[in-house]
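# Coordinate inspection notes
Now for the letters of each chain:
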Amino acid sequence: MSDIVNRFATGAPQNLEERFASRAAHMKPSEIRSLFAVASRPEIVSLAGGMPNLSDFPMPMMADVMSKLILSNGAEALQYGSGQGHPKLREQICEVMALEGIRANPDDVLVTTGSQQALDLISRIFIDPGDVVLAEAPSYVGALGTFHQYEASVIHVETDDSGLVPQALREAIVSVRAAGRKIKFLYMIPNYHNPSGVLLTTERRTEILTICRDAGIFVVEDNPYGLLGFDKPSPNAMRAEDSENVIYLGTFSKTIAPGLRVGWALVPPSLKEKLVIASESSILCPSNFAQLAISSYLAEQPWRDQISSFCDLYKVRRDAMLESLDEYFPAVAKWTKPGGGFYVWVTLPPEIDTTALMPKAIVAKVAYVPGTAFYSDGFGSWSLRLSYCYPTPERIRDGVKALGGVIKTEMSRRGSNQIS
Ligand code: PMP
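Right, let's walk through the structure included here. (Residues numbered from 1 in each chain as written. Predicted model: local features only at pLDDT ≥ 70, side-chain atom pairs only at ≥ 80, totals over all residues. Heavy atoms only, no water.)

### Describing the site of the ligand
In the vicinity of the ligand lie 13 residues, with Ser115, Asp222, Tyr225, Thr251 and Ser253 positioned nearest. Here an oxygen atom of the ligand sits 2.7 Å away from a polar atom, N or O, in the main chain of Ser115. Calculation on the ligand without its partners gives an accessible area of 400 Å², and the protein chains cover 91% of this total. Per-element tally for the shell around the ligand: the top contributor is helix α6 (residues 114-126), with 3 residues. A per-class count over the shell around the ligand returns 4 nonpolar, 6 polar and 3 charged. (Near = heavy atom within 4 Å. Polar contact = N/O pair within 3.5 Å; in protein donor to acceptor, adjacent residues only side chain to side chain. Areas by Shrake-Rupley, 256 points an atom, 1.4 Å probe, with all protein chains shown as cover. Helix = DSSP H or I, 4+ residues; strand = E, 2+ residues; numbered from the N terminus. Nonpolar A, V, L, I, M, F, W, Y, C, P; charged D, E, K, R; others polar.)

This is the structure we're talking about:
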C-alpha cells in the first residue's frame with residue numbers, strides 16, 4: 001500500500017532516455033568500432049585499423065626500464081602526480097618538439113592521457129552547441145566524434161595532394177560568418193594526415209596561419225605522425241611559426257607505444273589554466289607511472305634510432321601497398337602516395353558505395369574503413385581508407401589483391417567499362 005502511495009506522489013518512473021543528459025544523445029558508437037570487431041578476426045587481412053606496429057619494439061629493454069623505475073622510484077611512480085604533468089617529462093617533451101622546430105617552455109605543456117584526451121579538453125573549453133569547427137575534408141574520425149559529442153557543427157574545408165586549400169579556407173570562414181555563426185577553431189593534421197596520408201606544403205602552412213591569425217581563429221595542430229616521415233625530414237610544425245595562435249597536440253602513441261597513453265598539448269599561455277582545470281576534473285592527473293616510464297625511456301634509450309627503425313618498417317609496408325594498388329586496383333581508382341605515417345586514401349568511381357561494399361570485402365577476407373567515417377556530413381561514400389602499418393607486406397599484398405577483386409567485380413556488375 002505504501003509503495004502505491006509513494007508512486008503516486010513521485011510520478012511514474014522515467015524511461016532511460018529521459019534520464020540521460022541531452023548531450024548523451026550525441027554519444028554514438030563510432031562507425032569503425034563495430035568494424036574492428038570483424039576486422040580483428042585472424043583470417044581477415046585488416047587494412048582498417050591504425051594500430052602502431054610494435055613487432056620490433058625492444059620489449060626486454062622496456063621491461064628493464066619499468067622494473068628499474070618501480071624499484072628505484074616506485075613511491076613516486078605509483079603515487080598521484082601534478083595535474084599538469086610531471087615537470088621532467090614536460091622538459092623532455094620540449095626536446096622532442098624541438099625536432100620539428102618548436103621552441104617551447106615546459107610550463108606551457110599539459111600532459112594528457114593520449115592526444116585524444118587533449119581533443120576532448122579543447123572541445124570542452126571551446127565548443128557550445130551549434131558552434132562551428134572547421135576541419136579538413138576528410139578528417140580524423142576520433143576528433144570528429146569528440147566535436148560531435150560537444151554538439152559542434154563541423155564544416156569541412158577542401159583539400160588536395162598538397163593539403164588544405166587556403167582559398168577554400170578563406171571562403172569557408174566568410175560564408176560561415178555571413179550566416180552569423182561562430183567559428184571556434186580550425187582542426188588540422190598537417191603531417192601524413194589521417195586518413196589521407198598527405199603532407200601539407202610549407203607555403204600553405206604559412207598562408208593558413210596568416211588567414212587564421214587575421215580572422216582570430218585558433219589552429220589546432222594535431223601531429224601524431226610528424227616524426228614518421230620516410231623519405232625526407234618532416235617540415236617544421238605549424239606551431240614553430242606561431243606560438244600565439246596554435247594549439248599543438250602531440251603523442252607518444254606512434255613513436256613509442258599507445259598502451260602507455262601519454263600525449264600532450266602545447267598551448268598559448270592564455271589557455272593553459274583552463275585546460276589544466278578541465279583535465280583535473282576528468283582525470284585528476286595523468287598516470288605518473290606511464291609518464292615516468294616514458295621519461296626514463298627517453299633519458300636512457302636510443303629513442304631516435306627506434307623511431308628510424310619504425311620508419312623503415314612502415315616504409316616497406318607503404319611500398320608493398322602502393323605496388324599492389326598499382327597491380328590490383330582498377331585503373332580508374334585514384335589514391336594518395338604518402339611520404340610517411342600509416343594511411344592511403346583511395347577514391348573510386350562515385351557509383352561505388354564503400355559502406356555497402358564492406359560485407360563483400362569481409363567475405364573476401366579483407367577490411368578497410370569506408371570513407372563516410374571521415375566526414376561529418378555523409379560525404380565520402382566512394383572513398384576508403386587503407387592502413388599499411390600493421391600487417392606484414394605479404395598480408396598487405398593479399399589484402400589489396402582481394403579488395404581490388406571485390407571492387408572490379410562490383411564495377412562490372414554495374415556495367416562499368418573502366419575496369420582493367
Ligand atoms: N589524432 C590523430 C590524427 C590520430 O590518428 C590519433 C590516433 N589514431 C589520435 C589523435 C589519438 O592518439 P592517442 O590518443 O593515442 O595519442
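Once the structure has been displayed, the description carries forward.
### Structural notes on the packing of aromatic side chains
Per the counting criterion, the structure on display carries 17 aromatic pairs. Between Phe310 and Tyr314, the aromatic rings sit 6.3 Å apart at their centres with planes inclined by 25 degrees, giving stacked as the arrangement. In this pair, Phe310 and Tyr314 both sit in helix α12 (residues 303-328), 4 residues apart, roughly one turn of the helix. Owing to a relative accessible area of 0%, Tyr314 belongs among the buried residues under this scheme. The structure contains a cluster of three or more aromatic residues connected by ring pairs, namely Phe57, Tyr225, Tyr297, Phe310, Tyr314, Phe342 and Tyr343. (Phe/Tyr/Trp six-rings, centres within 6.5 Å; stacked < 30°, edge-to-face > 60°. Buried < 20%, exposed > 50% of the residue type's maximum accessible area, 1.4 Å probe, protein only.)

### Some remarks on the sheet that holds strand β11 (residues 334-335)
Taking strand neighbours across the sheet as the criterion, the 4 strands line up as β11-β12-β15-β14 in an open arrangement whose pairing is antiparallel. On the outer flanks of this sheet lie β11 and β14 (369-370), each paired with one strand and no other. Direction of pairing for β11 relative to strand β12 (residues 343-347): antiparallel, over a ladder of 2 bridges. Residue pairing across strands places Lys334 opposite Thr347, the latter belonging to β12. (Pairing = 2+ DSSP bridges.)

### Considerations on the side chain of Glu410
Structurally, Glu410 can be placed in helix α14 (residues 393-413). Not counting residues up to four positions away in its chain, the partners in contact with Glu410 are Ile352, Leu357 and Lys360. (Contact = heavy atoms within 4.5 Å.)

### Comments concerning the sheet that holds strand β8 (residues 218-222)
An order of β2-β10-β9-β8-β7-β3-β4 is seen for the 7 strands of this open sheet, with the pairing classed as mixed. Across the chains shown, the open sheet's two edge strands, defined by having one partner strand only, are β2 (109-112) and β4 (153-157). Sheet twist, expressed as the mean angle between neighbouring strand axes with direction ignored, is 20 degrees. Where strand β9 (residues 246-251) lies against strand β10 (residues 263-266), 4 bridges are found, and the strand directions are antiparallel. Bridge assignment links Leu249 to a residue of β10, and that residue is Ala265. (Axes fitted to C-alpha atoms, helices over the stretch in contact; angles between N-to-C directions.)

### Description of the pattern of salt bridges
Following the criterion strictly, the structure yields 14 salt bridges and no others. One salt bridge in this structure joins Asp131 and Lys184, with 2.7 Å as the shortest N-O distance. Here the residue Asp131 occupies a position in the loop between α6 and β3 (132-136), and Lys184 occupies one in strand β7 (residues 183-188), the gap between them amounting to 53 residues. Look at Asp131 and you get buried, because its relative accessible area is 7%. Of the residues examined, Lys184 reaches a relative accessible area of 17% and is grouped as buried. (Salt bridge = Lys/Arg side-chain N within 4 Å of Asp/Glu carboxyl O.)

### A closer look at the packing of α6 against helix α7 (residues 141-149)
Remark: α6 packs on α7, axes separated minimally by 9 Å, with the N-to-C direction vectors making an angle of 30 degrees. If you check the angle between α6 and α7, you find them roughly parallel. Handedness of the crossing formed by α6 with α7: right-handed. Taken together, the residues of α7 that come into contact with α6 (itself represented by Gln116, Leu119, Asp120 and Ser123) are Gly142, Ala143, Thr146 and Phe147. Each residue belonging to the contact of α6 with α7 can be placed in one class, and the counts come to 3 nonpolar, 4 polar and 1 charged. (Parallel < 35°, antiparallel > 145°, perpendicular 65-115°, else oblique. Left-handed = near helix turned anticlockwise from the far one by under 90°.)

### Observations regarding the environment of Phe126
By the secondary structure assignment, Phe126 is in helix α6. Looking at Phe126, the relative accessible area reads 15%, which means it is buried. Taking C-alpha positions, Phe126 is 9.7 Å from Ala152, a pair spaced 26 residues apart along the chain. Discounting residues that sit within four places of it in the chain, Phe126 has contacts with Asp131, Lys184, Phe185, Phe218, Ile247 and Leu271.

### Let's talk about the packing of helix α4 (residues 59-77) against helix α11 (residues 288-300)
Where α4 meets α11, the closest approach of the two axes is 9 Å, and the angle between their N-to-C directions is 125 degrees. Taken together, the axis directions place α4 and α11 in an arrangement best described as oblique. Viewed along their axes, α4 and α11 form a crossing whose handedness is right-handed. Contact residues: α4 offers Met61, Met62, Val65, Met66, Lys68, Leu69, Ile70, Asn73, Glu76 and Ala77, while α11 offers Asn288, Phe289, Leu292, Ala293, Ser296, Tyr297 and Glu300. Class assignment for the residues of the contact of α4 with α11 results in 11 nonpolar, 3 polar and 3 charged.

Distances and angles like these do not, on their own, reveal function.
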